[in-house]
Amino acid sequence: MKFFVDTADVAAIAELNDLGMVDGVTTNPSIILKSGRNILEVTKEICSIVSGPVSAEVVATKADEMIAEGRKLAEIAPNITVKVPLTWDGLRACKVLSGEGRMVNVTLCFSANQALIAAKAGATFISPFVGRLDDINMDGMELISDIRQIYDNYGFDTQILAASIRTVNHITQCALVGADVITAPPSVIKALANHPLTDAGLAQFEKDWAKTGQKIL
Ligand code: G3P
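The model shown is predicted, which means the values in this text are computed figures rather than measured ones.

J.: In this structure, what is going on with unusual backbone geometry? I would like to understand it.
T.: In this structure, Asn 137 takes a positive phi of about 60 degrees despite not being glycine. Within the secondary structure, Asn 137 is located in the loop between α7 (130-135) and α8 (140-154). For Asn 137, a relative accessible area of 76% puts it in the exposed group. In this structure, Ser 164 takes a positive phi of about 55 degrees despite not being glycine.

Structure below.
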């Protein structure tokens, strides 16, 4: 399973990238707002760090304008993935942009049927939002599982990019049901290393080692 980082925080991306934890990056207008940076500048900087797909989202709502924005974003670097919303116009833009050989991430997916038509429109990635479904007492993980089954039934090669990942348990569940990619904030990816028994075990080892009076270096 690939790990994308859902942030425009360049320092956080670089730290995780140095550890081999970054297969790609996803951004959206809210993330760009949070960064306080210009979209073209920050996306270019991210692409200079990460060689995998870097999603940059269009903001227009009409297909023609989305296509123009997508072409401009794609000029930033060869690894740009144009992110379009799962609307009829977004699907039209997806079809045109993917037909031009560009990677397209169709975002704001909340149903299996939306994922089905995104695949038919040539999406490289589909982004179902797990956390936002959980927020309204629906089952985000069930959606990932349904899309996996549908794509496998018909051999669609659109990759399932599980988004709106909020917890380490979401990541475990995504790995179990076969999501191709998860995108999560750096804090959630770093939390994968945590376990209270690891902390307790380490504390005990430190105490016992001190009692030996030995040094390795
Ligand atoms: O990739 C989409 C993601 O950023 C949405 O996450 O936590 O705002 O629902 P969230």
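What follows picks up the thread again.
J.: It is not clear to me how helix α6 (residues 112-120) should be interpreted in this structure. Could you clarify?
T.: Buried within α6 are the following residues: Ala 112, Ala 115, Ala 118 and Ala 119. Along the axis of α6, the buried residues cluster in a sector spanning 120 degrees; they form a single face. Projecting away from the buried face of α6 at angles above 90 degrees are the exposed residues Asn 113 and Lys 120. On its buried face, α6 sits against α5 (88-99), β5 (103-109), β6 (125-128) and α8. The positive-phi residue at the C-terminal boundary of α6 is Gly 122, with phi of around 90 degrees.

J.: Any chance you could explain a nonpolar patch on the surface here in plain terms?
T.: A cluster of nonpolar side chains, namely Trp 209, Ile 216 and Leu 217, defines an oily patch on the protein surface of about 450 Å² accessible area. You can see Ile 216 is positioned in the segment after α11 (196-212).

J.: What's the story with the site of the ligand in this structure? I'm lost.
T.: Neighbouring the ligand are Asp 6, Asn 28, Phe 129, Arg 132, Ala 163, Ser 164, Arg 166 and Thr 183. A distance of 2.5 Å separates an oxygen atom of the ligand from a polar side-chain atom of Asp 6. Interatomic distance of 3.2 Å between a side-chain N/O atom of Asn 28 and an oxygen atom of the ligand. The protein chains hide 80% of the 310 Å² of surface that the ligand would expose on its own. Of all the cavities here, the one that holds the ligand is the largest pocket. Split into classes, the residues belonging to the shell around the ligand amount to two nonpolar, three polar and three charged.

J.: Where do I start with α5 in this structure?
T.: The α-helix winds at 3.6 residues per turn, so residues separated by three or four positions along the chain end up facing the same way. In a regular helix each residue adds 1.5 Å, so twelve residues correspond to 16 Å; α5 covers 17 Å between its end C-alpha atoms and thus fits that length. Residues of α5 that are buried include every one of Asp 89, Gly 90, Leu 91, Ala 93, Cys 94, Leu 97 and Ser 98, and no others. The inward-facing, buried residues of α5 contact α4 (63-74), β4 (80-85), β5 and α6. Phi turns positive one or two residues past the end of α5, at Gly 101, with a value near 90 degrees.

Reading the values: rules and limits
Residues numbered from 1 in each chain as written. Predicted model: local features only at pLDDT ≥ 70, side-chain atom pairs only at ≥ 80, totals over all residues. Heavy atoms only, no water. Helix = DSSP H or I, 4+ residues; strand = E, 2+ residues; numbered from the N terminus. Buried < 20%, exposed > 50% of the residue type's maximum accessible area, 1.4 Å probe, protein only. Arc of directions from axis to C-beta. Contact = heavy atoms within 4.5 Å. Patch = residues over 30% accessible without salt bridge, like charges linked within 9 Å, V, L, I, M, F, W, Y side chains within 5 Å. Areas by Shrake-Rupley, 256 points an atom, 1.4 Å probe, with all protein chains shown as cover. Salt bridge = Lys/Arg side-chain N within 4 Å of Asp/Glu carboxyl O. Near = heavy atom within 4 Å. Polar contact = N/O pair within 3.5 Å; in protein donor to acceptor, adjacent residues only side chain to side chain. 1 Å grid on protein atoms, 1.4 Å probe; cavity = no way out; pocket = protein on both sides within 12 Å on 5 of 7 lines; lining within 4 Å. Sits in = over half its atoms within 2 Å of the grid points. Nonpolar A, V, L, I, M, F, W, Y, C, P; charged D, E, K, R; others polar. Expected span 1.5 Å × (residues − 1).

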